[in-house]
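So you can see what is in the structure, the chains are spelled out below.
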Amino acid sequence: MVLRFTYLHLIMLLSTFFASAQQFKERVYLKDSITFYEGYIIEQAPSKYVKIYRLVEKDTLTVLLNDVLKLTKVYTIDSVKKNIKSIKQNIQSTYTKVAFAEILGNAIIYSLNYDMRTAKGVRDKWGFRIGIEHVGLSATDSITTKNTWVKVTAIPFGLNYLIGKRKGFLELGLGATYFHLKGKDFVIDNLDKYSDDILYYNNGFMIGTFNIGYRHVPINNGIMYRCTFSPLLLGSAFIPFVGFGVGYHFK
C-alpha cells in the first residue's frame, strides 16, 4: 500500500513537529484590532503575504501583509516554566568569580588576584581570594654608602564574606600575606682601601591582614571595583593601610 501525502498534510506534520519542539504559537493580528489568527506561520513573502496554519480550525490561511497589524509569538505556560527552570539551573551550576588588580592593599605595593564564591549560584556570602606580587627594589644610603638590591614576591590569601544585594556589597575579609625576599647588601667599609662586604640573603615571613570596605559587582559579566581599609598585622604592630582594586566579574 502506498501512502500519499498532500502538500497540506506535509505542512501540518512539520508544523506539529516544530510546535512540540519550540513550545510556542504564533498570532497574526489584523488592522481591525479585533481579528487575529493563531497557529504557525509556514510561509512568508516579504511585503506580500503570510501563510498561517491554524491549530483549532486545522486549515491554512493566506493573509495579505497590507491587512496585518503585527505578528507575535505566544509561548505556552509549560515552555515558560521550563525556560525559567533552565535559567535557574544554569545560574545555580556556576560560581561567581572575579579577577582583579589591587594597588596597595594586602601585598603593600600591588597584586594580581583571583576571587571566587564558595557556593554555586550566589553573589554574596563566603568566598576566598589569592593573589601574587613580584617586584624588584633597590636603594642607596648616602651616609653609609650602602647599596641594597632585593626581589620581593608576595602571596596574599584569605577568606572574605560579602553582605548585600544586587551590585553593592560590604566586604569583610581575614587572611595573611606571605613575603619572600631575595637580595644583597653591598657596603664599602673603607673608601681609601676600597674594601667591601657583600651580604646575600634569602628568607620569608608572614603578616596578618584583614579587610573591610565596599565592593561593586555587576549583575552580569563586567567591570568590578572595590575600596577597602586593609590594615597589616606584623607581630604586635597594627599598621593602618588601604587598598584599591579594579577587575572583571565573570561566571
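Note that this is a predicted model, so its numbers are computed, not measured.

Draft legend 1. Region of interest: the overall build of the protein chain. If you tally the helices and strands in the protein chain, you get 2 helices and 15 strands. Counting over 251 residues, the protein chain shows a buried share of 29%. Excluding contacts between residues fewer than 6 apart, the proportion of contacts in the protein chain whose partners are at least 24 apart in sequence is 52%. Within the structure as shown, the protein chain displays about 16,000 Å² of accessible surface, and the carbon and sulfur contribution to it stands at 63%.

Draft legend 2. Structural detail: the environment of Cys227. Residue position: Cys227 is located in strand E12 (residues 222–229). Placed 13 residues apart in sequence, Cys227 and Tyr214 show a C-alpha to C-alpha distance of 5.5 Å. Leaving out residues up to four positions away in the same chain, Cys227 has contacts with Gly213, Tyr214, Gly243 and Phe244.

Draft legend 3. Highlighting the nonpolar core. Counting residues in hydrophobic clusters, the biggest one holds 8 residues: Ala107, Val135, Val150, Val152, Ala154, Phe179, Ile207 and Leu232. Ranked by the residues each element gives to this core, the list is headed by strand E9 (residues 146–165), at 3 residues. Once you skip the residues sitting within four places of it in the chain, Phe179 turns out to touch Asn106, Ala107, Ile108, Glu133, Val152, Thr153, Ala154, Asn203, Gly204, Phe205 and Ile207.

Draft legend 4. Geometry of the pattern of salt bridges. Counted under the stated rule, the structure contains 11 salt bridges. Glu102 is paired through a salt bridge with Arg226; the nearest N and O atoms lie 2.7 Å apart. Pair noted here: Glu102 is in strand E6 (residues 97–104) and Arg226 is in strand E12, with a separation of 124 residues, a long-range link. What makes Glu102 buried here is its relative accessible area of 0%.

Draft legend 5. Structural detail: the pairing of strand E15 (residues 242–250). Both E6 and E15 contribute to a ladder of 8 bridges, which runs antiparallel. From the neighbouring strand, Ala101 faces E15, where its bridge partner is Val246. Direction of pairing for E12 relative to E15: antiparallel, over a ladder of 8 bridges. Note that in E15 the partner of Thr228 across the bridge is Gly243.

Draft legend 6. Looking closely at unusual backbone geometry. Its identity as a non-glycine residue notwithstanding, Lys125 has a phi of 65 degrees, on the positive side. In this structure, Lys125 sits in strand E8 (residues 125–141). The class for Lys125 is partly exposed, based on a relative accessible area of 44%. One non-glycine residue, Arg166, adopts positive backbone phi at about 55 degrees.

Draft legend 7. Looking closely at the packing of aromatic side chains. Taken as a whole and assessed by the stated rule, the structure comprises 5 aromatic pairs. Aromatic pair Trp126 and Tyr161: ring centres 5.0 Å apart, planes at 70 degrees, arrangement edge-to-face. Here Tyr161 lies in strand E9 and Trp126 lies in strand E8, a separation of 35 residues in the sequence. Centroid distance Phe210 to Phe238: 6.5 Å. Interplanar angle 35 degrees. Geometry classified as tilted. Taken together, the residues Phe210 in strand E11 (residues 195–216) and Phe238 in strand E14 (residues 237–239) connect sequence positions 28 residues apart. Here Lys70 stacks its cationic end above the ring of Tyr29, 5.0 Å away from the centre of that ring.

Draft legend 8. Region of interest: the pairing of strand E4 (residues 59–64). Across 6 bridges, strand E3 (residues 49–54) lies against E4 in antiparallel orientation. Bridging from a neighbouring strand, Arg54 pairs with Asp59 of E4. Where E3 hands over to E4, the hairpin turn is made up of 4 residues, of which Lys58 adopts a positive phi near 55 degrees.

Draft legend 9. Just the side chain of Ser111, in detail. Here Ser111 is to be found in strand E7 (residues 110–117). Within the structure, Ser111 has its side chain in polar contact with the side chain of Asn113 (distance 2.9 Å). Not counting residues within four places of it along the chain, the set of residues in contact with Ser111 comprises Phe100, Ala101, Glu102, Arg129, Ile132, Glu133 and Pro156.

About the criteria used
- Residues numbered from 1 in each chain as written.
- Predicted model: local features only at pLDDT ≥ 70, side-chain atom pairs only at ≥ 80, totals over all residues.
- Heavy atoms only, no water.
- Helix = DSSP H or I, 4+ residues; strand = E, 2+ residues; numbered from the N terminus.
- Buried < 20%, exposed > 50% of the residue type's maximum accessible area, 1.4 Å probe, protein only.
- Contact = heavy atoms within 4.5 Å.
- Areas by Shrake-Rupley, 256 points an atom, 1.4 Å probe, with all protein chains shown as cover.
- Core = buried A, V, L, I, M, F, W, Y, C linked by side-chain atoms within 4.5 Å.
- Salt bridge = Lys/Arg side-chain N within 4 Å of Asp/Glu carboxyl O.
- Pairing = 2+ DSSP bridges.
- Phe/Tyr/Trp six-rings, centres within 6.5 Å; stacked < 30°, edge-to-face > 60°.
- Lys NZ or Arg CZ within 6 Å of the ring centre and 35° of its normal.
- Polar contact = N/O pair within 3.5 Å; in protein donor to acceptor, adjacent residues only side chain to side chain.

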